[in-house]
Amino acid sequence: MGKIISFTNKKGGVGKTTTAINMAAYCAEFGKRVLLVDIDSQGNATTGLGFSKSALKKSVYNVLIEDDSVVNNVLPTQVKLLDILPANVDLTGAEVDLVYKRGRERILKEALEKVRDNYDYIFIDCPPSLGLLTINAWVASDSIIIPLQSEYYALEGVSQLMNTIAMVRQHLNPNLQIEGVVITMYDGRALIAKQITAEIKKFFKNKLYEIIIPRNVRLAEAPSHGLPVMLHDPKCVGARAYRALTEEFLSHQN
């Protein structure tokens, strides 16, 4: 039975989608069957894997709002063993549409349970907010990965994020765990980055992954080519970091 993991942070621009895409791609390279679910209305995971969200007729919106099956809306990617349940332009209205649905917090969970056995991992790329789409992802998930940028405001909002996770545990998903925290966009030349990293380690303790993702031009430009970094430039420092992070992640799995 596949493990479902949400990639989440209420702050945008922290490398959340980049982490979801590249960990999914490397898990697939290591022989794991992976489904990446894009529930961010910006659709960056979708475009980052080479799909045009404006051209797609199939999407996660059909699953959430029109009660269609995941199987009918999944697309294969350029990476063997990696599928995507994409976002398209319809998803921008999904938060409002979900309000009127019965059992609105559990729709994604019920849909993903039907395909859980088809995959080793199902990764969900969440919006940078704590709305109904994110709540759907957390209710569906076994655990959460939190990407954090090593900058001054990194921990701002984390307490609210942790409080919301606690509320979801209490009312909707008592088994939800923190899978891990990954530091992204790290600039080792900056003293502040080292200080913030120390603060993050103090806060999250053994939940913090040892592998840190550096700032890297090749990593940043890969999504504009619709490719994970392992297909764009597998030898760049960003690719090596995500490969090592994925190995660390997999080493923690049962």
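The coordinates are above.
Residues numbered from 1 in each chain as written. Predicted model: local features only at pLDDT ≥ 70, side-chain atom pairs only at ≥ 80, totals over all residues. Heavy atoms only, no water.

Caption draft 1: Structural view of the sheet that holds strand β2 (residues 34-38). Spatially, β3-β4-β2-β5-β1-β6-β7 is the arrangement adopted by the seven strands of the open sheet, whose pairing is mixed. Every other strand in the sheet has two partners, leaving β3 (75-76) and β7 (177-184) as the edge strands with one partner each. Where strand β1 (residues 3-7) lies against strand β5 (residues 121-125), five bridges are found, and the strand directions are parallel. Following the sheet pairing, Ser 6 is matched in β5 by Ile 124. (Pairing = 2+ DSSP bridges. Helix = DSSP H or I, 4+ residues; strand = E, 2+ residues; numbered from the N terminus.)

Caption draft 2: Broad picture of the pairing of strand β6 (residues 143-149). Across the seven residues of β6, seven count as buried, placing the element largely inside the fold. Side chains of β6 alternate between two faces, with Ser 143, Ile 145, Pro 147 and Gln 149 and Ile 144, Ile 146 and Leu 148 buried alike. With seven bridges connecting them, β6 and β7 associate as parallel partners. Each residue of the ladder has a partner; that of Ile 144, found in β7, is Ile 178. After leaving β6, the chain enters helix α7 (residues 158-171) and then returns to the sheet as β7, a path that is right-handed. (Buried < 20%, exposed > 50% of the residue type's maximum accessible area, 1.4 Å probe, protein only. Right-handed = clockwise from strand over helix to strand, strands pointing away.)

Caption draft 3: How the structure looks around the nonpolar core. If you look at the biggest cluster of nonpolar residues, it comprises 50 residues, and the most contacted ones within it are Leu 35, Val 37, Val 70, Leu 112, Ile 124, Trp 138 and Ile 200. Here the element with the most residues in this core is helix α6 (residues 132-140); it accounts for seven residues. Those residues within four positions of Leu 112 in sequence are excluded, and the remaining contacts are Ile 4, Leu 35, Val 37, Val 70, Ile 122, Ile 124 and Ala 140. Core analysis: the second largest hydrophobic core is formed by 37 residues, Cys 27, Leu 82, Tyr 121 and Cys 236 among them. (Core = buried A, V, L, I, M, F, W, Y, C linked by side-chain atoms within 4.5 Å. Contact = heavy atoms within 4.5 Å.)

Caption draft 4: View of a nonpolar patch on the surface. A contiguous nonpolar patch, built from Val 96, Val 99 and Tyr 100 and spanning about 340 Å² of accessible area, is present on the exposed surface. Among the secondary structure elements, Tyr 100 is positioned in the loop between α4 (94-99) and α5 (107-113). The class for Tyr 100 is exposed, based on a relative accessible area of 71%. (Patch = residues over 30% accessible without salt bridge, like charges linked within 9 Å, V, L, I, M, F, W, Y side chains within 5 Å. Areas by Shrake-Rupley, 256 points an atom, 1.4 Å probe, with all protein chains shown as cover. Salt bridge = Lys/Arg side-chain N within 4 Å of Asp/Glu carboxyl O.)

Caption draft 5: Representation of helix α1 (residues 16-29) within the structure. For α1, which comprises 14 residues, the first-to-last C-alpha distance of 20 Å matches the rise-based estimate of 20 Å (1.5 Å per residue) to within 8%. The buried count for α1 comes to 12 of 14 residues, which makes it a mostly enclosed element. Listed in full, the buried residues belonging to α1 are Lys 16, Thr 17, Thr 19, Ala 20, Ile 21, Asn 22, Met 23, Ala 24, Ala 25, Tyr 26, Cys 27 and Ala 28. (Expected span 1.5 Å × (residues − 1).)

Caption draft 6: Highlighting the environment of Ser 52. Looking at where Ser 52 falls in the secondary structure, it is placed in the loop between α2 (44-48) and α3 (60-65). By relative accessible area, which is 37% here, Ser 52 ends up partly exposed. For the pair Ser 52 and Leu 245, spaced 193 residues apart in sequence, the C-alpha to C-alpha distance is 28 Å.

Caption draft 7: Broad picture of the state of the cysteines. Scanning all chains against the criterion turns up zero disulfides. Just so you know, Cys 27 is unpaired, no disulfide at all, and the nearest cysteine sulfur is the one on Cys 126, 16 Å from it. No disulfide involves Cys 236; its sulfur sits 18 Å from the nearest other cysteine sulfur, which is in Cys 27. With relative accessibility at 7%, the residue Cys 236 sits in the buried group. (Disulfide = S-S within 2.5 Å.)

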